[in-house]
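Spelled out, the chains give:
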Amino acid sequence: MHHIVTLLVPAWGHTVPYLYLATRMLEVDPDLVITLVQHQLVVRQMEAELATCSYDTSRLKIIGVGDPAMEVSVQSAGLVISQVVAGFLALLPSFVAPAAPAPDWPAPKAFHLDFFVGSPCIEQLRQSFGPDVKVIAWFSCGAISTLAFFTNHDNENIATEIFQDETRRRGRSLDEILGDVRSAGNGTDEISGLIVKHPGIGRISLNTQKFVRSADAIIVVASSSLEPDGVLQNRDSYHKQGNSIFHVGPQVHEACWNPSGTNKVSDERLASFLKTAVEKHGLKSVLYMSFGSLLFPITTPHLVHALVETLLDLEQPFPFVFALGGKMASLPPELVEKVNSSGKGLVCGWVAQREVLQSGAVGWFLSHGGWNSVSESLSQGIPLIVWPVTAEQPLNAALLSSGPHPVAFELFQIRTGTALAPTLRAPTLKITGTEADAVREFKDVFERTRGTDGMKMREAAEAIARELRASREGEDRSEVARLAAF
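Each chain carries its own residue numbering, running from 1 in the written order of its sequence. In keeping with the predicted nature of the model, local features appear solely for residues at pLDDT of at least 70, side-chain atom pairs appear and are counted solely at 80 or more, and the whole-chain, interface and lining totals rest on all residues. Excluding hydrogens and water, the side-chain values take into account all heavy atoms of the structure.

K.L.:
Quick one: what's the story with the overall build of the protein chain, residue by residue and with numbers?
P.N.:
Strands are runs of DSSP state E lasting at least two residues, helices are runs of H or I lasting at least four, and both sets are numbered from the N terminus onward. Looking only at helices and strands, the protein chain has 19 helices and 13 strands in total. What the globule rule says is 2.2 Å times the number of residues to the power 0.38, and the radius of gyration is computed from C-alpha atoms. For 486 residues, the compact-globule formula gives about 23 Å, and the C-alpha radius of gyration of the protein chain, at 23 Å, lands near that figure. Principal axes of the C-alpha set define a box for the protein chain whose edges measure 65 × 60 × 45 Å. With a 1.4 Å probe rolled over the protein chains alone, any residue whose accessible area is under 20% of its type maximum counts as buried; one over 50% counts as exposed, and the rest are partly exposed. Classification of the 486 residues of the protein chain by burial places 55% in the buried group. Counted over contacts in the protein chain with a minimum sequence separation of 6, partners at least 24 positions apart contribute 74%. Total accessible area on the protein chain stands at roughly 20,800 Å², and carbon and sulfur atoms take up 53% of it. Taking the 41 positively charged and 52 negatively charged side chains of the protein chain as two groups, their mean positions are separated by 3 Å. By the convention used here, residues are in contact when the closest approach between their heavy atoms is within 4.5 Å. Calculation of accessible area relied on Shrake-Rupley with a 1.4 Å probe; when residues are assessed, cover is drawn exclusively from the protein chains displayed. Under the counting rule used here, the positive set is Lys and Arg, the negative set is Asp and Glu, and His together with the chain ends is not counted. To locate a charge, the coordinates of NZ of Lys, CZ of Arg, CG of Asp or CD of Glu are taken.

K.L.:
I'd love a proper account of the packing of helix α1 (residues 12–28) against helix α2 (residues 40–50), names of residues and values included.
P.N.:
Under this scheme, a helix contributes an axis fitted over its contacting stretch, all axes are lines through C-alpha atoms, and angles between N-to-C directions fall in the 0 to 180 degree range. Close contact between α1 and α2 brings their axes to 11 Å; oriented N to C, the two are set at 40°. Judged on the interaxial angle alone, α2 and α1 are oblique. Crossing geometry of α1 relative to α2 is assigned as right-handed. On α2, the residues touching W12, T15, V16, L19, Y20 and T23 of α1 are V42, Q45, M46, E49 and L50. Class assignment of the residues belonging to the contact of α1 with α2 gives a composition of seven nonpolar, three polar and one charged. In these notes the angle categories are as follows: under 35 degrees is roughly parallel, over 145 is roughly antiparallel, 65 to 115 is roughly perpendicular, and the rest is oblique. Note on convention: the crossing is left-handed when the near helix lies turned anticlockwise from the far helix by less than a right angle, right-handed when the turn is clockwise. Amino acids outside the nonpolar list (Ala, Val, Leu, Ile, Met, Phe, Trp, Tyr, Cys, Pro) and the charged list (Asp, Glu, Lys, Arg) are all regarded as polar, and Gly is one of them.

K.L.:
Explain the sheet that holds strand β6 (residues 217–220) residue by residue, including any values.
P.N.:
Taken in spatial order, the seven strands make up an open sheet running β3-β2-β1-β4-β5-β6-β7, and their pairing is parallel. The sheet is open, and its two edges are formed by β3 (60–65) and β7 (244–247), each paired on a single side. Geometrically, the sheet is characterised by an average inter-axis angle of 20° between neighbouring strands, direction not taken into account. Where strand β1 (residues 2–7) and strand β4 (residues 110–114) come together, four bridges link them in parallel fashion. Bridged to T6 within β4 is H112. The strands touched by α1 within the sheet are β1, β2 (32–39), β3, β4, β5 (134–139) and β6, with β2 carrying the most contacts at an inclination of about 165°. Pairs of strands are assigned from DSSP output, requiring at least two bridges between the strands.

K.L.:
Explain the nonpolar core residue by residue, including any values.
P.N.:
Residue types Ala, Val, Leu, Ile, Met, Phe, Trp, Tyr and Cys, when buried and joined through side-chain atoms within 4.5 Å, form a set referred to as a nonpolar core. Ranked by size, the top nonpolar core spans 66 residues in total, and within it Y18, L21, M25, Y288 and L378 carry the most contacts. Among the nonpolar cores identified, the runner-up in size contains 39 residues, and L7, V65, L91 and A137 belong to it.

K.L.:
Outline the side chain of H2, supporting the account with residue identities and numerical values.
P.N.:
For H2, the position within the fold is in strand β1. For H2, a relative accessible area of 16% corresponds to the buried category. One polar contact links H2 to D29, side chain to side chain, over a distance of 2.9 Å. Dropping the residues within four chain positions of it, H2 is found in contact with D29, D31, L32, V33, P106, K109, A484 and A485. Nitrogen and oxygen atoms within 3.5 Å of one another constitute a polar contact, given that in protein one can donate a hydrogen and the other can accept it, and given that sequence-neighbouring residues count only through two side-chain atoms.

K.L.:
Would you mind going over the packing of aromatic side chains in detail, with residue names and values included?
P.N.:
Centres within 6.5 Å are what make two rings of Phe, Tyr or Trp a pair, Trp counting through its six-membered ring; a difference in plane orientation under 30 degrees is then read as stacked, over 60 as edge-to-face, and the rest as tilted. What the rule picks out here adds up to 14 aromatic pairs. Consider the rings of F88 and F111, whose centres lie 6.1 Å apart with planes at 85°: the pair is edge-to-face. Pair noted here: F88 is in helix α3 (residues 77–96) and F111 is in strand β4, with a separation of 23 residues, a long-range link. Pair check on accessibility: F88 and F111 agree, each one buried. A ring pair is formed by F291 and F322, whose centres lie 6.3 Å apart and whose planes are at 50°; its orientation type is tilted. One end of the pair, F291, is in the loop between β8 (286–290) and α12 (301–313); the other, F322, is in strand β9 (residues 320–323), and 31 residues separate them in sequence. Overall, the relative accessible area of 0% leaves F322 in the buried class.

K.L.:
Describe the pairing of β1, and please don't skip the residues or the numbers.
P.N.:
Along β1, six of the six residues are buried, which leaves the element largely enclosed by surrounding structure. Residues of β1 alternate between two faces, with H2, I4 and T6 on one and H3, V5 and L7 on the opposite face, all of them buried. Direction of pairing for β1 relative to β2: parallel, over a ladder of six bridges. When the sheet's bridge partners are listed, H2 is paired in β2 with L32. For a crossover, the right-handed case is the one in which the path from the first strand over the helix to the second runs clockwise, viewed with the strands pointing away from the viewer. Viewed along the sheet, the connection from β1 through α1 into β2 turns out right-handed.

K.L.:
Tell me about helix α17 (residues 435–449), and name the residues and values.
P.N.:
In this scheme, a helix's expected span is set at 1.5 Å multiplied by one less than its residue total. Taking 1.5 Å of rise per residue, the 15 residues of α17 would be expected to cover 21 Å, and the 21 Å separating its terminal C-alpha atoms lies within 8% of that figure. For α17, the full list of buried residues reads D437, A438, V439, E441, F442, V445, F446 and T449. On its buried face, α17 is in contact with β8, α12, β11 (362–367), β12 (384–386), β13 (408–410) and α18 (452–472).

K.L.:
Which residues make up the sheet that holds β13, and what are the values?
P.N.:
Spatially, the six strands line up as an open sheet ordered β10-β9-β8-β11-β12-β13, and their pairing is parallel. Edge positions in the sheet fall to β10 (345–348) and β13, since each of these pairs with one other strand and no more. Across this sheet, the average inter-strand angle for adjacent strands is 15°, counted without regard to direction. As judged from the three bridges shared by β11 and β12, these two strands associate in the parallel manner. Opposite F365, over in β12, you have L384 as the bridge partner.

K.L.:
Describe the pattern of salt bridges, naming the residues involved and giving the relevant values.
P.N.:
Just to be clear on terms, a salt bridge is a Lys or Arg side-chain nitrogen sitting within 4 Å of an Asp or Glu carboxyl oxygen. If you walk through the whole model with that rule in mind, you get 25 salt bridges. Beyond isolated ion pairs, a larger network of salt bridges with shared partners links R24, E27, R472, E473 and R477.

This is the structure in structure tokens:
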């Protein structure tokens, strides 16, 4: 028997793919036991999700830490994460002399730490468990994000050197220079022609980058079926550092690998709307829209409202479901009523997304481009329309909408701030971010989904779904087994 302890953060997008990975590791390695440490706020949700999975429940335990009465908000995120770290570190003595979570489990040989919380824990782990213990970073994104966020450059030293040179400093603080160095991603503080900018990189802290570089390995939710170049480049980069990397493939619920049309939608109102849409417009006729479990375009609500109004005004109906399941998601009540009384769309709260995508009714997914949503969509062969919000999502949008066989349209006229600039993917397009230009783009993209471009994207998405299924039982399974034994 061997034991892995995992520390997760209370963000569902980081947590749920690891749950699927954990059950997969238990499947391929019968001698493995796993302890998951998570904030109490998320434990019930984890237990509910695991209850829908097939695995040996005697070999996976969850330990909750932190204050279960905490109010979750953007403002309290730092405190919640600090509680997770403090609770985890307080548990370490019990793992050294096994008493938790089961007295017959051995001391852990490996720790999997979410990349957001690894930095304050790694040294303590090595002191407590010795130099042979493996510390592995968990990164719930694709290969393209790994390459962008966790550069090989020593950003801290580069920024310090620039700061100490008055000419190169140009009146900036050390933190400002460090931000420019991280955004450039090329070992300097200047944007080059090779790398234009790493969107979202400023949100990835220096400590996070240091942790990933000092860990023994990193787990990446990537597959060569979807990112062949990124996976190869990742392997080369990490092997040069002397570290291991595990590309474990998309981690979605086991039911997502069932054929489309085999999953029943449990919400009666939603099931009725989808049934009616199929009867009127055919299979794969529905546009499903969701910005995930947390985010929403809160800085541009007028563009979200314009999107909904555009769909209602289309001459050729495009039936749609708008799931407002995220913590920040909302629409004006009068707009919700207008949609739900129109027969053209349905606005609802949280939905079982995999049920909707597997219903056979959905032909397109308008998403923020989070990696979990991308993975669920492509596992079903459903192409996307991507409205990136933050973090790695602009990178995902670029990946999915580029190359010889794109599987997504990226929306450009929803951009704000410094992103209102020319893009290499549409060099002749003037990006203004105005509502009028956004509406024109919405209409154009909706029309193209029904034309030759849309047909080609659907064929490409369906081809990727077939490749991902094959890889799941081939290369990805081998990577999961290698990780379980590491």
